[in-house]
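If you want the building blocks of each chain, they are given just below.
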Number of protein chains: 2
Amino acid sequence: MASESEAQRALQYEQTLMYGRYTQDLGTFAKDEAARLRLQEGDTPRPRRPSELLEYTQGRCAPCRVCALQCQRFLISKVGEDWVFLILLGLVMALVSWAMDFAIATCLQAQKWMYGGLDTNVLLQYMAWVTYPTVLITFSAGFTQILAPQAVGSGIPEMKTILRGVVLKEYLTLKTFVAKVIGLTCALGSGMPLGKEGPFVHIASMCAALLSRFLSLFGGFYENEARNIEMLAAACAVGVGCCFAAPIGGVLFSIEVTSTFFAVRNYWRGFLAATFSAFIFRVLAVWNKDEETITALFKTRFRLDFPFDLQELPAFAVIGIASGFGGALFVYLNRKIVQFMRRQKTINRFLMKKRLLFPALVTLIISTLTFPPGFGQFMAGQLTQKDTLVTLFDNQTWAKQGLSDEFEYLGILEAWRHPRSNVFVTLVVFILMKFWMSALATTIPVPCGAFMPVFVIGAAFGRLVGESMAAWFPDGIHTESNTYRIVPGGYAVVGAAALSGAVTHTVSTAVIVFELTGQISHILPVMIAVILANAVAQSLQPSLYDSIIRIKKLPYLPELGWGHHEKYNVRVEDIMVRDIRYVTLNCRYRDLQQVLHSTKMKNLPLVESAESMILLGSIERAQVGALLSNQLSPQRRLLTLRQKVLSEDGQRLSDSSIRFQISTEASSGTPARPALRKPLKPALKRVPSSPADSPPAGATDHTGIALKSLFCANSATEPTEAQGTAYHKAKRVRISIVEEMILGDKMTPAEILEWEEQQLDQLVDFSSAKIDPAPFQLVEHTSLHKTHTIFSLLGLDHAFVTSIGRLVGMVSLKELRKAIEGSVTAKGVKVRPPLASFRDSTASTSDADTTALRQLWDRHQHHPMPREASPGGEDDDDDTPKGQ
Amino acid sequence: MASESEAQRALQYEQTLMYGRYTQDLGTFAKDEAARLRLQEGDTPRPRRPSELLEYTQGRCAPCRVCALQCQRFLISKVGEDWVFLILLGLVMALVSWAMDFAIATCLQAQKWMYGGLDTNVLLQYMAWVTYPTVLITFSAGFTQILAPQAVGSGIPEMKTILRGVVLKEYLTLKTFVAKVIGLTCALGSGMPLGKEGPFVHIASMCAALLSRFLSLFGGFYENEARNIEMLAAACAVGVGCCFAAPIGGVLFSIEVTSTFFAVRNYWRGFLAATFSAFIFRVLAVWNKDEETITALFKTRFRLDFPFDLQELPAFAVIGIASGFGGALFVYLNRKIVQFMRRQKTINRFLMKKRLLFPALVTLIISTLTFPPGFGQFMAGQLTQKDTLVTLFDNQTWAKQGLSDEFEYLGILEAWRHPRSNVFVTLVVFILMKFWMSALATTIPVPCGAFMPVFVIGAAFGRLVGESMAAWFPDGIHTESNTYRIVPGGYAVVGAAALSGAVTHTVSTAVIVFELTGQISHILPVMIAVILANAVAQSLQPSLYDSIIRIKKLPYLPELGWGHHEKYNVRVEDIMVRDIRYVTLNCRYRDLQQVLHSTKMKNLPLVESAESMILLGSIERAQVGALLSNQLSPQRRLLTLRQKVLSEDGQRLSDSSIRFQISTEASSGTPARPALRKPLKPALKRVPSSPADSPPAGATDHTGIALKSLFCANSATEPTEAQGTAYHKAKRVRISIVEEMILGDKMTPAEILEWEEQQLDQLVDFSSAKIDPAPFQLVEHTSLHKTHTIFSLLGLDHAFVTSIGRLVGMVSLKELRKAIEGSVTAKGVKVRPPLASFRDSTASTSDADTTALRQLWDRHQHHPMPREASPGGEDDDDDTPKGQ
């Protein structure tokens, strides 16, 4: 088992690093395991209150105690209410956020102190400046790797996937929580250009999951999946809200980033939790005497009467458009870095071995370049992220206003001044350097986000444009009555919102900047820039989070983009797979075998008969495998053998037969059928089979020939394939039973083959299989637009296409994705130019419907008994669905 | 037809007034009519460009022209893009909004001027003060009634219903647009406490619908229903956005008010359109020299450094809680007034006759009470709504600060001062009077909203609390370093957001106030107050819009409220109707007749057979009626008769027979079957049958006896029932055919009865019927929560409940509504206490599924041919579904 867990850890590392790949099996496994855990939890004893009450009524001060108990019970019942949960979540997250901020500030202070204390020797200064972040980042990377590799990265892509209904294993556990909190604190404390927004979304979600599990000890209301998803959605809002003290922006940002369809009834949940969290977060600052009262995090003091001139709007629009291109470039750069690292086999192999080398190297490069006495002097290298933002949002104009008045750089503003160059050069260098540094730094496998670095770069770009405008119009743009100077700080606010909006494809960054700066006077410029930036960025690149989802191969559904109105005219029949395998209700085991041979579909449709093709439900592939292996199990074979022997030998062996049955049950622990089904669950885990796992050869060589041939056909070169492992494991259980038996297996391989052939000809008994009775159905004429809506609304993975109850095809996420992305090339998918299927909807729909119905009706009239006609001719039905 | 259209107008009046009732039939009719119109539009000739191109290439300066044409074509193709539409919409709405604001301001100015000019005589002054608004309101009411009664009221409830997928007739037409714009301008120009937010949502939606219809002249992309709904959602955001120049708040408010589930991919649409609209709206003000640059509508100038003290937060919380109660009271009062007017039969009858009396009376009362020299002096009666808000958000403190400094009321602030009382009395009187006035005024049948009046009342209440606080702590609440005085204007902002949030059940009023005032410094108090107000109001009353939806009997689905977690444990099987009628594929016409007799369901499920109960689709009731009337039509009877005669008389009559067939087709204009189906469409309109409508008696007395008995059974006392009318109309068409025939009807009633009995025994031919092949299906174990989600996500009206393909029940909006509202008392609905069905989900689900499947499987094994077993025993199946 040690090797297994190590292999698993390696897999998790793969998973969470960008080098990893996503497998659906893991999700299924996690779901099953969650269900198992839930069942186990259900077994824990609940407080038995009625009996306690009875006990107390015997005592003397019984009324008091009864009253106290009732109060307690009332409180416990209140614990189940949503708002209690949300307020608790807000409180906990505010405390976590504040504590982390405090720790990060201390770390940064320590670096500054060290750097300042060593000002006698530049080399020592450099060593201190470089070593400190390298150690912190390396520790963060190592700690996260060892404790929970799932904590790596932003977390928003994973939360988006989880909220889509996919269960990602180990993403919401205490271990990951601890790893993420400590890893993030160290990473941010290093002063690298990393953000905390994404990780905070993840931390808040984990916090919600843990809190929900903790509170479920008191009440039974936290075990509902739908409710948990609602709570996770609220938690995402809390994450952003308490990170920036921006409740409204937090709610909106989390909606835009994680949801496709948002339930308005969850709105208040997010607002309540995020507001409470932001409130507590800021109150803690007041109590800590950092602030006098609750105000914005990066408070600005722009003038209110005349925030900007109408004629400045083109400049704001330019910021928006440029930010759009910049944002797309950032996403592209980030993805290319990851892909480069992954493709270069030698680099990849080397990095996989020395995992901590990459983070250390990147940190070294970045911190060397920002070293203040070195190149850092041209890019305000000594400022922390927070200080940089404060200075960029500054109220004053830095550029020279004519010749007379040289601007006095005071305090931390001095970092932007360089004696031999002007502020424009500093800003340009800052933007260019920070751009690639941020794109590179966010690929380090530590818990980190990209929002804040991008926000800072955007602010610097805005400031640059603002300073240029101020230099161009030193006395402000002329208006009739007064002259108002240009406020470059306002441009910085606009730029920050626009660039972060472009990278994340969100509009709500506008709201976040208002809440961050505490001023809403620049609302129109900000909105215009953000919308333009989004328009440009969305037409060039996916959002950063979608890009990471694709890199990590998480399941996703692309959005229907801007103005793709031709999509409205593609229908399901144009993209569906028509040539699908199915299971009939009256089929034989041989048919099941053939179906498993011929398809890799995760869910098989169950139809009434090959003639009627009426869809009854869907059955999981694993269930079909279980049915088949159960039918062909050596156990059944031996039982048959025994019965044959019994009938031959009469009463002689009856006693030992009974003994055998008892021993079988005792050894497997559960009745025969469940025992066979159970090993299938962990089987879905994709574990590389170690030698210890494989059953001893020879002893099992002649068992289950037909079954083996089945699985070997699918996985001849890959013995570790999911069902293969399942089969091996199931076999192992059975072998132990076999070995315990006194009689032993006395059949020859030829006899076994004959017996198995007999068994395969029997009709399938579906009574033990788990069947989904209502798989989602579409009709042929459903538009692509509607299909997309339904898939994203309900979080579907696949849907069957029916025509008056009859199965005619199937659409999965893959087909839909291809249809939307415009490259429908898969086998069995009909390629049609989107506009070719533009036709009058009402007429053709009813025509086609009635045609199909008439066929059905005619069939009923003319062939009253299709089922009886060909009872043996089912075998070839699996290959050619006659329905269409 | 004159009487019909008059009756229809009366119906519309009923519909749009609060006295009205909603009928589903109307929606269905509108849908059908829209489909018909679309078909007609499809026939209009499209520009044939290729041929034009060919023509031009013959000329001399052909290249230029080709180029120009290509440019034109490019432009036209661009017109189809979403963003062009959204920008056009924003532009148009900004112009409309600005023009209306200008007209309203002029109206109000005129009243003020008249009142000011007549200051020599109080009586004349009073006459002018009272007559002016009365005339305007009466004109508005009359104009709206005559042109388009749909324009009455807010429009948000109707938009919510339309966005849910229900088609409301005539709600998005040009006539309604004109009526609403002119009616609203007059209503607001009168100075009554009415708002413009709700009507603006409606106006923007109409604008979008008209623009979409206009642009579809250039391209074919505007005819998609899903797209239209997306555009309407964006239009709602534009409405709010350009009304308050609040793009973000507008988008959020419109989402909260109109949607249950919001597609995040529509987000940018709303933002783009609303931002552009708000921008143009404010730019128009700058160009008109009203403003120097673009700023907020009600700009405040609170101090930024220390907006409020932490110790003031309890006061803000009190405002929130009190506003919650106040908001609930407002909704209750508004509803009670409508219900009182409706219940009092005599008042109701009188008002229906003299429709303009009620508006005039209400206006008279309200304007009398606000007459400035009269009672108005105690409630700042001379201020318009806008001035009131400006004064309430004022930066200064009005109450006496100690004895020394009496506050100087300058300019319009003077209205709040009364020499013989203090500002507290004025504020209290203002709040109390405006409260009932607004609740009453919003029931007047003119286009008007309630948001602004409520907003003003909230601001006054906040101001009252603020002034009290300022009087209580004249030097501000003590802090260590400085003393900051309390800002009552901030309290007014908080109060405005809280009360309007409570009435509309939205959180986004917080964002609206930030955008309205241009300051975000009070974000935390506002958020706290709004959330508390929502919490209180939502637990007491529905939102104002939901209240109106209920009053108007529009279809709706209640929300799952705060913390109703027990809802998660109710399942579909607990609430579904099990005893439903269905149609089998191999049924006889007699069965159809019985089904129609026994149920009033709008959609009948079509199952394969009564034994298998496999759901194939659903068929509309009207379609079943059409099948039946087609089968029993006199036409078919005569044809049969003719054929019998023919076979008896040989070749003799063959010529006339052919002539008869031709004449039939010529007279009906269309082939026989469509002609019979078509009259069913307008039949769904609920028109009171005038005597002219009913067919001449005697001549048709002995036709279709069986049919008549069918419809009379359903509508014995109500001859105007929908199907009844349909039948009459269809009969009339047929009668004209009958009368044209040469042979005439020579069968006796007994013979007809016999023939019809024969016909009823035939198997139904479904090939001509329109069948919905994929009605929405749920399974028995679907939770109430999930059902609610799916119903609101997909805008469903009903869903069938199936178990492995077999129909076992049905859930409609009604059952769901009852289950949520907690009074499940309808016939056939099983009443269970919500928590009784609390059980372990995983175990029972799989058990029940396998049980049902095993039954199905057993059936297949033991009864291989259930269909053949009882071919004649279908009649009683309609009453007892054997499935469950």
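It should be emphasised that the depicted structure is a prediction, and the values quoted were computed from it without experimental measurement.

## Details of the overall build of chain A
Scanning chain A from terminus to terminus reveals 36 helices and 8 strands. Looking at chain A as shown, the accessible area adds up to about 36200 Å², and 60% of this sits on carbon and sulfur atoms.

## Some words on the sheet that holds strand β3 (residues 603-607) of chain B
Note on sheets: strands pair through backbone hydrogen bonds, and any given pair is parallel or antiparallel. Residue and element names in this part refer to chain B. Reading across from one edge, β2-β3-β4-β5 is the order of the 4 strands in this open sheet, with mixed pairing throughout. Each edge of the sheet is formed by a strand with only one pairing partner; in this case those strands are β2 (583-584) and β5 (771-772). The pairing of β2 with β3 spans 2 bridges and is parallel. The residue of β3 that forms the bridge with V583 is L606.

## Examining a nonpolar patch on the surface
Residues and elements named next belong to chain A. Together, F139, L174, V178 and I182 make up an exposed nonpolar region whose accessible area comes to about 330 Å². Residue contributions to the nonpolar patch peak at 3 residues, all from helix α8 (residues 174-189). Relative to the assigned elements, V178 resides in helix α8. Take V178: its relative accessible area is 33%, and that puts it in the partly exposed class.

## Notes on the environment of A278(B)
Residue and element names in this part refer to chain B. For A278, the position within the fold is in helix α12 (residues 267-287). Linking A278 and V181, residues 97 residues apart in sequence, is a C-alpha distance of 18 Å. With near-sequence residues (within four places) excluded, A278 lies in contact with G241, A245 and P247.

## Describing the packing of helix α13 (residues 313-343) of chain A against helix α18 (residues 451-472) of chain A
All names here are of chain A. Contact geometry for α13 and α18: axes closest at 11 Å, N-to-C directions at 145 degrees. The hand of the α13/α18 crossing is right-handed. Counting all contacts with α13, which are made through A315, I319, A322, S323 and F330, the residues of α18 involved are V454, F461, G462, V465 and M469. Among the residues making up the contact of α13 with α18, the classes are represented as 8 nonpolar, 2 polar and no charged.

## Digging into the pairing of strand β8 (residues 806-812) of chain A
Within a regular strand, the side chains alternate between the two sheet faces. Residues and elements named next belong to chain A. The element β8 is extensively covered by neighbouring structure, given that 7 of its 7 residues are classed as buried. By the bridge criterion, 6 bridges tie strand β7 (residues 798-803) to β8 in an arrangement that is antiparallel. Paired with F800 across the two strands is M810, which belongs to β8.

## Some remarks on the packing of aromatic side chains
By the definition in use, this model includes 38 aromatic pairs over all chains. When the ring of F451(A) is compared with that of F455(A), the centres are 5.8 Å apart and the planes differ by 20 degrees; the resulting orientation is stacked. Highlighted residues: F451(A) and F455(A), both in helix α18, separated by 4 residues, approximately one helical turn. In textbook terms, an aromatic cluster arises when at least three aromatic residues are bridged by ring pairs, as seen for F244(A), F253(A), F393(A), F451(A) and F455(A). Over the face of the ring belonging to W398(A) we find R463(A), whose NZ or CZ atom lies 4.0 Å from the ring centre. The ring of F200(B) has K196(B) lying over it, and the distance from NZ or CZ to the ring centre is 5.0 Å.

## Observations concerning the pattern of salt bridges
Residues and elements named next belong to chain A. Under the criterion given, the structure shown has 18 salt bridges over all chains. Salt-bridge contacts for R269 lead to E230; the nearest nitrogen and oxygen are separated by 3.1 Å. Of the two residues, R269 is situated in helix α12 (residues 267-287) and E230 in helix α10 (residues 225-244); the sequence distance between them amounts to 39 residues. Side by side, R269 and E230 carry an identical accessibility label, which is buried. Across the salt bridge formed by D761 and R590, the nearest N and O atoms sit 3.2 Å from each other. Here the residue D761 occupies a position in the loop between α32 (749-760) and β5 (771-772), and R590 occupies one in helix α24 (residues 589-598), the gap between them amounting to 171 residues. Note on R590: relative accessible area 17%, which makes it buried. Ionic contacts of the salt-bridge type, sharing partners, join the residues R590, E757 and D761 into one network.

## Let's talk about the sheet that holds β8(A)
Residue and element names in this part refer to chain A. One open sheet accounts for 3 strands, arranged β6-β7-β8; its pairing is mixed. Looking at the sheet topology across the chains shown, the edges are occupied by β6 (777-779) and β8. Neighbour to neighbour, the strand axes of the sheet diverge by 40 degrees on average, direction disregarded. Contacts between helix α33 (residues 784-794) and the sheet are confined to β6, β7 and β8, with β6 contributing the most and set at about 170 degrees to the helix.

## Concerning the side chain of E256(A)
Relative to the elements of secondary structure, E256(A) occurs in helix α11 (residues 247-258). Within the local environment of E256(A), its side chain forms a polar contact with the backbone nitrogen of V507(A), the two atoms lying 3.0 Å apart. In this structure E256(A) touches H505(A), T506(A), V507(A), S508(A), V264(B) and Y267(B), once residues within four positions along its chain are discounted.

## Remarks on the pairing of β7(A)
Residues and elements named next belong to chain A. Burial of β7 is extensive: 6 of the 6 residues sit out of reach of the surface. Along β7, one buried face is formed by H798, F800 and T802 and the opposite face, lined by A799, V801 and S803, is buried too. Here 3 bridges tie β6 to β7, and the two strands are oriented parallel to one another. By the bridge assignment, V779 is partnered in β7 with T802. Handedness of the crossover joining β6 and β7 through α33 is recorded here as right-handed.

## Some remarks on unusual backbone geometry
Residue and element names in this part refer to chain A. Residue A245 is not a glycine yet carries a positive backbone phi of 55 degrees. By the secondary structure assignment, A245 is in the loop between α10 and α11. The residue H505 is not glycine, and still its phi comes out positive at about 55 degrees.

## Digging into a positive patch on the surface
A cluster of basic residues, K345(A), R349(A), K353(A) and K354(A), forms a positive patch on the protein surface. What makes K353(A) exposed here is its relative accessible area of 70%.

## Things to note about the environment of R355(A)
Residues and elements named next belong to chain A. When you line up the elements, R355 lands in the loop between α14 (345-353) and α15 (357-370). Residue classification places R355 among the partly exposed residues on the basis of a relative accessible area of 32%. In this structure the C-alpha to C-alpha distance between R355 and T138, which are 217 residues apart in sequence, comes to 9.5 Å.

## What about the packing of α18(A) against helix α19 (residues 488-504) of chain A?
Residues and elements named next belong to chain A. At a closest axis distance of 6 Å, the pairing of α18 and α19 adopts a crossing angle of 140 degrees. Relative to α19, the element α18 lies oblique. α18 and α19 meet at a crossing whose hand is right-handed. Classifying every residue of the contact of α18 with α19 by side-chain character gives 15 nonpolar, 7 polar and 2 charged.

## Quick notes on the confidence of the model for chain A
Residue and element names in this part refer to chain A. Averaged over every residue, the pLDDT of chain A is 73; the share at 70 or more is 70%. When mean pLDDT is taken per element in chain A, α19 scores highest with 93 and helix α29 (residues 680-683) scores lowest with 34. For residues 1-31, every residue scores under 50 in pLDDT, and the model assigns this stretch 76 contacts once sequence neighbours within four places are set aside. In the predicted structure, residues 41-57 sits below a pLDDT of 50 and forms 14 contacts with residues beyond four places in sequence or in another chain. Model confidence for the complex: the whole-complex pTM is 0.73, and ipTM, which rates the interface, is 0.72.

## Looking at helix α25 (residues 621-631) of chain B
Because an α-helix completes one turn every 3.6 residues, residues spaced three or four positions apart along the sequence face the same direction. The element α25(B) is extensively covered by neighbouring structure, given that 11 of its 11 residues are classed as buried. Listing the buried residues of α25(B) in full gives R621(B), A622(B), Q623(B), V624(B), G625(B), A626(B), L627(B), L628(B), S629(B), N630(B) and Q631(B).

Reading the values: rules and limits
Residues numbered from 1 in each chain as written. Chains lettered and ligands numbered in written order. Predicted model: local features only at pLDDT ≥ 70, side-chain atom pairs only at ≥ 80, totals over all residues. Heavy atoms only, no water. Helix = DSSP H or I, 4+ residues; strand = E, 2+ residues; numbered from the N terminus. Areas by Shrake-Rupley, 256 points an atom, 1.4 Å probe, with all protein chains shown as cover. Pairing = 2+ DSSP bridges. Patch = residues over 30% accessible without salt bridge, like charges linked within 9 Å, V, L, I, M, F, W, Y side chains within 5 Å. Salt bridge = Lys/Arg side-chain N within 4 Å of Asp/Glu carboxyl O. Buried < 20%, exposed > 50% of the residue type's maximum accessible area, 1.4 Å probe, protein only. Contact = heavy atoms within 4.5 Å. Axes fitted to C-alpha atoms, helices over the stretch in contact; angles between N-to-C directions. Left-handed = near helix turned anticlockwise from the far one by under 90°. Nonpolar A, V, L, I, M, F, W, Y, C, P; charged D, E, K, R; others polar. Phe/Tyr/Trp six-rings, centres within 6.5 Å; stacked < 30°, edge-to-face > 60°. Lys NZ or Arg CZ within 6 Å of the ring centre and 35° of its normal. Polar contact = N/O pair within 3.5 Å; in protein donor to acceptor, adjacent residues only side chain to side chain. Right-handed = clockwise from strand over helix to strand, strands pointing away. Lys, Arg positive; Asp, Glu negative; His and termini not counted. Charge placed at Lys NZ, Arg CZ, Asp CG, Glu CD. Parallel < 35°, antiparallel > 145°, perpendicular 65-115°, else oblique. pLDDT = per-residue confidence, 0-100.

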